[in-house]
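Summary of structural features
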2 protein chains.
Amino acid sequence: MSAPNAEPAPVRVGRAGRSTRRAGGPTRPRVSHSLEAVLGGAVAILDEGGEDALTFRALAQHLGGGVASIYWYVANKQELLARAADHVLATLVAETRDVADPDPIGEIRALAVQLFDVVESRPWLAGYFMANSGLQPNSMRYYERVGRPLLRLDLTSQQRFHAVSAVVGFVIGTAADIGQEPPEELLDGSVARDEFLGRHADLWRALDADEFPFVHDIADAFAHHDDAEQFRAGLDLLLAGLRLQAMAPRPVGPEPREGGG
Amino acid sequence: MSAPNAEPAPVRVGRAGRSTRRAGGPTRPRVSHSLEAVLGGAVAILDEGGEDALTFRALAQHLGGGVASIYWYVANKQELLARAADHVLATLVAETRDVADPDPIGEIRALAVQLFDVVESRPWLAGYFMANSGLQPNSMRYYERVGRPLLRLDLTSQQRFHAVSAVVGFVIGTAADIGQEPPEELLDGSVARDEFLGRHADLWRALDADEFPFVHDIADAFAHHDDAEQFRAGLDLLLAGLRLQAMAPRPVGPEPREGGG
DNA sequence: ATCTCGACCGAACAACGTTCGATACATCGA
DNA sequence: TCGATGTATCGAACGTTGTTCGGTCGAGAT
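Residues numbered from 1 in each chain as written. Chains lettered and ligands numbered in written order. Predicted model: local features only at pLDDT ≥ 70, side-chain atom pairs only at ≥ 80, totals over all residues. Heavy atoms only, no water.

This next bit is on the overall build of chain A. Scanning chain A from N- to C-terminus turns up eleven helices and zero strands. Looking at chain A residue by residue over its 261 residues, the buried ones come to 45%. Sequence-distant contacts, at least 24 apart, represent 64% of the contacts inside chain A between residues at least 6 apart. For chain A, the exposed area adds up to about 13,400 Å²; of that, 52% sits on carbon and sulfur atoms. (Helix = DSSP H or I, 4+ residues; strand = E, 2+ residues; numbered from the N terminus. Buried < 20%, exposed > 50% of the residue type's maximum accessible area, 1.4 Å probe, protein only. Contact = heavy atoms within 4.5 Å. Areas by Shrake-Rupley, 256 points an atom, 1.4 Å probe, with all protein chains shown as cover.)

For the pair chain B and chain A, the superposition axis carries a translation of 0.0 Å, the fit reaches an RMSD of 0.1 Å, and the rotation angle comes to 180°. The transformation relating the two chain copies, once decomposed into turn and shift, fits a two-fold axis. Closest to the rotation axis within chain B is the C-alpha of Gly173 of chain B, separated from it by 1.7 Å. Both copies contact each other with a shared surface, as 100% of the interface residues of chain B are interface residues in chain A too. (Least-squares fit on C-alpha atoms with pLDDT ≥ 70 in both.)

Attention now moves to the environment of Val74 of chain A. Mapped onto the secondary structure, Val74 of chain A falls in the loop between α2 (56-63) and α3 (77-95). In this structure the C-alpha to C-alpha distance between Val74 of chain A and Leu35 of chain A, which are 39 residues apart in sequence, comes to 8.4 Å.

Another aspect to go through is the interface of chain B and chain A. Where the parts come together, the accessible area they lose is often given as the size of the interface. Between chain B and chain A, the residue contacts involve 56 residues of the former and 57 residues of the latter. Summed over both sides, the interface between chain B and chain A buries roughly 4,900 Å², with carbon and sulfur atoms accounting for 66% of that surface. Area buried by chain B at its contact with chain A is led by Phe161, Phe214 and Leu237 of chain B, which between them contribute 15% of it. Viewed at the interface, chain A and chain B are joined by two salt bridges. Between chain B and chain A we count 14 residue pairs in polar contact (both at pLDDT 80 or more) in total. If you list the elements that add at least two residues to the side of chain B that touches chain A, you get α6 (137-147), α7 (157-178), α9 (193-205), α10 (213-223) and α11 (227-247) of chain B. With 14 residues, the single largest contributor to the side of chain B that touches chain A is α7 of chain B. (Buried area = accessible area lost by both parts, 1.4 Å probe. Salt bridge = Lys/Arg side-chain N within 4 Å of Asp/Glu carboxyl O. Polar contact = N/O pair within 3.5 Å; in protein donor to acceptor, adjacent residues only side chain to side chain.)

The contact between helix α10 (residues 213-223) of chain A and α7 of chain B brings their axes to 8 Å, and the two run at 100°. The angle between α10 of chain A and α7 of chain B places the two elements in the roughly perpendicular class. From α10 of chain A, Phe214, Asp217, Ile218, Ala221 and Phe222 of chain A reach across to α7 of chain B, where they touch Ser157, Gln158, Arg160, Phe161 and Val164 of chain B. Counted by class, the contact of α10 of chain A with α7 of chain B contains six nonpolar, two polar and two charged residues. (Axes fitted to C-alpha atoms, helices over the stretch in contact; angles between N-to-C directions. Parallel < 35°, antiparallel > 145°, perpendicular 65-115°, else oblique. Nonpolar A, V, L, I, M, F, W, Y, C, P; charged D, E, K, R; others polar.)

As a further point, take the pattern of salt bridges. Summed over all chains, the structure comprises 24 salt bridges over all chains. For Arg152 of chain A, the salt bridge goes to Glu107 of chain A, with nearest N and O atoms at 2.7 Å. Pair noted here: Arg152 of chain A is in the loop between α6 (137-147) and α7 (157-178) and Glu107 of chain A is in helix α4 (residues 104-121), with a separation of 45 residues, a long-range link. We note a salt bridge from Asp220 of chain B to Arg205 of chain B, for which the minimum N-O separation is 2.5 Å. Within this pair, whereas Asp220 of chain B is found in helix α10, its partner Arg205 of chain B is found in helix α9, the two being separated by 15 residues in sequence. With a relative accessible area of 23%, Asp220 of chain B lands in the partly exposed category. When salt bridges with common partners are traced through the structure, they connect Glu107, Arg145 and Arg152 of chain A into a single cluster.

So, about a nonpolar patch on the surface. Taken together, the side chains of Leu244 and Met247 of chain A together with Leu244 and Met247 of chain B present a nonpolar region at the surface, about 400 Å² in accessible area. Put simply, the parts of the chain that give the nonpolar patch at least two residues each are α11 (227-247) of chain A together with α11 of chain B. Owing to a relative accessible area of 33%, Leu244 of chain B belongs among the partly exposed residues under this scheme. (Patch = residues over 30% accessible without salt bridge, like charges linked within 9 Å, V, L, I, M, F, W, Y side chains within 5 Å.)

Compared with an ideal rise of 1.5 Å per residue, which puts 13 residues at 18 Å, helix α9 (residues 193-205) of chain A spans 18 Å between its outermost C-alpha atoms and is within 8% of the ideal. Burial in α9 of chain A covers these residues: Phe196, Leu197, Gly198, His200, Ala201 and Trp204 of chain A. (Expected span 1.5 Å × (residues − 1).)

For α10 of chain B, the complete set of buried residues consists of Phe214, Val215, Ile218, Ala219, Ala221, Phe222 and Ala223 of chain B. Contacts made by the buried residues of α10 of chain B are with α6 and α7 of chain A together with α9 of chain B.

The next subject is the packing of α11 of chain A against α11 of chain B. At their nearest, the axes of α11 of chain A and α11 of chain B sit 7 Å apart, and the two run at 100° to each other. In terms of orientation, α11 of chain A and α11 of chain B fall into the roughly perpendicular class. Here Gly234, Leu237, Leu238, Ala240, Gly241, Leu242, Leu244 and Gln245 of chain A of α11 of chain A lie close against α11 of chain B, whose contacting residues are Gly234, Leu237, Leu238, Ala240, Gly241, Leu242, Leu244 and Gln245 of chain B. Residue composition of the contact of α11 of chain A with α11 of chain B, grouped by class: ten nonpolar, six polar and no charged.

Residue and element names in this part refer to chain B. Scanning the entire structure with this criterion turns up 16 aromatic pairs over all chains. On the basis of an interplanar angle of 10° and a centroid distance of 4.6 Å, the ring pair of Phe56 and Tyr71 is categorised as stacked. With a gap of 15 residues between them, Phe56 in helix α2 (residues 56-63) and Tyr71 in the loop between α2 and α3 (77-95) connect regions that are remote in the sequence. Taking 4.5 Å as the distance between ring centres and 25° as the angle between the ring planes, the aromatic pair formed by Trp204 and Phe222 counts as stacked. Of this pair, Trp204 sits in helix α9 while Phe222 sits in helix α10, placing them 18 residues apart in sequence. (Phe/Tyr/Trp six-rings, centres within 6.5 Å; stacked < 30°, edge-to-face > 60°.)

Okay, the side chain of Gln230 of chain B next. Mapped onto the fold, Gln230 of chain B is located in helix α11. Those residues in contact with Gln230 of chain B that sit more than four places away from it in its chain are Phe161, His162 and Ser165 of chain A together with Ile178 and His225 of chain B.

Moving on, we get to the confidence of the model for chain A. Residues with a pLDDT of 70 or more make up 81% of chain A, whose mean pLDDT is 85. Note that pLDDT drops below 50 for residues 1-27 of chain A; the model gives that stretch 19 contacts with residues more than four away or on any other chain. (pLDDT = per-residue confidence, 0-100.)

With that out of the way, let us pick up the environment of Phe129 of chain A. For Phe129 of chain A, the location among the structural elements is in the loop between α5 (125-128) and α6. In this structure the C-alpha to C-alpha distance between Phe129 of chain A and Ala85 of chain A, which are 44 residues apart in sequence, comes to 6.3 Å.

Another aspect to go through is the environment of Pro104 of chain B. By secondary structure assignment, the location of Pro104 of chain B is in helix α4 (residues 104-121). For the pair Pro104 of chain B and Arg152 of chain B, spaced 48 residues apart in sequence, the C-alpha separation works out to 6.9 Å.

Let us now look at the side chain of Gln136 of chain A. Residue and element names in this part refer to chain A. Of note, Gln136 is situated in the loop between α5 and α6. What makes Gln136 buried here is its relative accessible area of 7%. A distance of 2.8 Å separates the side chain of Gln136 from the backbone oxygen of Ala82, its partner in a polar contact. Residues contacting Gln136, with those up to four places away along its chain left out, are Ala82, Ala85, Asp86, Tyr128, Phe129, Met130 and Ala131.

The following block contains the structure:
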């Protein structure tokens, strides 16, 4: 009720850094923020220390101000995260402006790989991408960007809807799975990635061979796998299926749920 | 240090309910727990009220005991969630015992749909499935279950590894996207699902037609979409791609990363 | 009866998200 | 120049959360 509405948060830029410190008081000099600064700070903290590191107190300290001030720009932590996620998506959308390919599916592939790269380097994104509030215009823009090449293919609207949802779902799911908080031993550099994977694979190989034939079969592949390559392999399966669908003749007769508006 | 190791947590069953209440004291009678009871209670609370509802105090009250007792069975909340997730996976693995199909890809499809159904009814699962600690034996069993049909196909180990990772990643990603906390108006029943989707679609249609041609194109499909159908459509694209790969001749010459042993 | 040790509990702690009332500052009309 | 106004910032507090600590209960062994 008394909290600022979801609406307001006027975007103002560049005013940060005006210090006007009071001459006599022991009180901390006032600081000026901006939505840009708040979101940028949030992203910086998320990138540095992951999801747990982002607290209002940490963000306030990062900005050099007080905790309560943040609530002027953001109604609660959920909105902070949603807006921060959309904030980094803005740069992704900007970068995808150049992407073009005579082959529509090739274009989608490029867009998906770009999204994967972003989410892989920022695992916290996965959880808040598509937090379907109205606070994420760039998420929608990306959705549009991926869907547009599909308009060039002979598909029904429903097939297009399913295709985009599948591609984005696949990217997010795989990236979330892959980008899970790596156990500290990896971050310390105390254990190399190869060794970590190798040890994990050894655990798999130690399982009963009759009960886990498949796990045994892929232990080697897992031990030497590359995340991005793994992602692209799955993506190509999905896109191969999509291409097949686009080449197949459309179903005959009136289609369910098509051409209404 | 003083917390119980990740190892111990001996599984004991059925002792709950022994009350032995002290005659004179105003103190609460002692209660006996078990790992089973703790995880079952956690799952019940998660199902009822979602991820936020699961607190140590709520769980303690549900069990009729004290807060600190839970830490005898579980080192921290992360482990509680990981074990709870694996706990429900146990029933999934049990149910998949019957699944069989002469067509390997048909079998995988059935398994994927089953997983989707579970995650859709328990959205909290998505985040903690594959929290690759060693605490989730059933997660691994499911992985094995999905991968086994692939042994019947003419693929490299790497291709099998990629395929399973793609299928599971797709299921989790789509389920997580779909099963996002529905806005309260839906839970209240105050707004029907159709109306909710319709209003959302109207927002899409209100966007600029030149800037968002694709969003306009799929607005109708979105307004009438069914989550499970949407999922299955994407899954079938992925599996079609996989079938194509299985039919294609294997690459010639020594394969990278294969058969090293 | 006593000892032992696995299992349980109450009470406390620090950290977190959030709120409240006070207050500084820029702007503007007089 | 002055005061009024509304925007933006802040310190301090509140309730809740995960987690820890020291103590205690009680079944089975001695």
